[in-house]
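# A closer look at the structure
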Amino acid sequence: MINERIAGLIADFKRFSDWEERYKHLIEIGKKMASMDESNRIPANLVKGCQSQVWLHADLVDGKIFFQADSDASIVKGIVALLVSVYSGSTPDEILMTKPTFLEDIGLREHLSMSRANGLNSMMKQISFFAMAYKAKMQMQK
């Protein structure tokens, strides 16, 4: 399932010939992302290491993690929306086993400033942290 989402994302970005079009598409992805519940826009959900404000919240439902996210910067919101579209609805193991190589495949990493690249790494660390924490919680409940 997660691999299908990644394949769709890669195909989606290959439709665009240059990075200006891809950035516009990235911003559109951010605009189309489901709104984050206001109750989750709290300091505890801020991703540390991002220059912009990025909120990331996760819930475990029936063994799968569902993410909500938001950002106050349009490109960063698009980036976090990409990550949510790939990883949300997956099991902790699927998340931990799926490295974000798709970001290179669509050419995103090479077009990010140093501060945005650091923010992206912080978002991925937070997603992995949620996956590890929920995996441990599930194992304790067995």
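The paragraphs below set out a description of the structure included in this document. (Residues numbered from 1 in each chain as written. Predicted model: local features only at pLDDT ≥ 70, side-chain atom pairs only at ≥ 80, totals over all residues. Heavy atoms only, no water.)

## A short note on the overall build of the protein
The helix and strand inventory of the protein stands at six helices and two strands. Taken over the C-alpha trace, the protein has a radius of gyration of 15 Å; the compact-globule value for 142 residues is 14 Å, and the two agree within 12%. On the principal axes, the C-alpha backbone points of the protein span a range of 50 × 30 × 25 Å. As displayed, the protein offers around 7,800 Å² of accessible surface, 54% of which is attributable to carbon and sulfur atoms. (Helix = DSSP H or I, 4+ residues; strand = E, 2+ residues; numbered from the N terminus. Rg over C-alpha atoms; globule rule 2.2 N^0.38 Å. Areas by Shrake-Rupley, 256 points an atom, 1.4 Å probe, with all protein chains shown as cover.)

## Some points on the pattern of salt bridges
Counted by the stated rule, this structure contains eight salt bridges. A salt bridge links Asp93 to Lys135; the shortest N-O distance between them is 2.8 Å. On the criterion of sequence distance, the pair formed by Asp93 in helix 4 (residues 92-97) and Lys135 in helix 6 (residues 114-140) is long-range, its members being 42 residues apart. By relative accessible area, Asp93 is classed as partly exposed at 37%. Residue Glu104 pairs with Arg109 through a salt bridge whose shortest N-O separation is 2.8 Å. The exposure class assigned to Glu104 is partly exposed, which follows from its relative accessible area of 41%. (Salt bridge = Lys/Arg side-chain N within 4 Å of Asp/Glu carboxyl O. Buried < 20%, exposed > 50% of the residue type's maximum accessible area, 1.4 Å probe, protein only.)

## Observations concerning the nonpolar core
In a soluble, globular protein the nonpolar side chains are often hidden away together inside. Leu56, Phe67, Leu83, Tyr87, Phe102, Leu108 and Met123 are the most contacted members of the largest nonpolar core, which totals 42 residues. Among the elements that line this core, the one with the most residues is helix 3 (residues 74-87), at ten residues. Filtering out sequence-adjacent residues up to four positions away, Leu56 remains in contact with Met36, Asn45, Val47, Phe67, Gln68, Ala69, Val80, Val84, Met123, Gln126, Ile127 and Phe130. (Core = buried A, V, L, I, M, F, W, Y, C linked by side-chain atoms within 4.5 Å. Contact = heavy atoms within 4.5 Å.)

## A word on the pairing of strand 2 (residues 64-71)
With eight bridges connecting them, strand 1 (residues 54-61) and strand 2 associate as antiparallel partners. Looking across to strand 2, one finds that Leu60 is bridged to Ile65. (Pairing = 2+ DSSP bridges.)

## Some details on the side chain of Ser71
For Ser71, the position within the fold is in strand 2. Among the polar contacts made by the side chain of Ser71, one reaches the main-chain carbonyl oxygen of Gln53 at a distance of 2.9 Å. Of note is the side chain of Ser71, whose polar atom sits 3.2 Å from the backbone nitrogen of Ala73. Setting aside anything within four residues of it in sequence, one finds Ser71 in contact with Ser52, Gln53, Val54, Trp55, Val76 and Lys77. (Polar contact = N/O pair within 3.5 Å; in protein donor to acceptor, adjacent residues only side chain to side chain.)

## So, helix 1 (residues 2-14)
An ideal rise of 1.5 Å per residue puts 18 Å on 13 residues; helix 1 measures up with 19 Å between its terminal C-alpha atoms. Where helix 1 is concerned, the buried positions are Ile2, Ile6, Leu9, Ile10 and Phe13. The buried side chains of helix 1 occupy one side of the element, clustering within an arc of 95° when seen end-on. For helix 1, exposure combined with an orientation more than 90 degrees from the buried face picks out Glu4 and Lys14. Along its buried surface, helix 1 packs onto helix 2 (19-32), helix 3, helix 4 and helix 5 (102-105). (Expected span 1.5 Å × (residues − 1). Arc of directions from axis to C-beta.)

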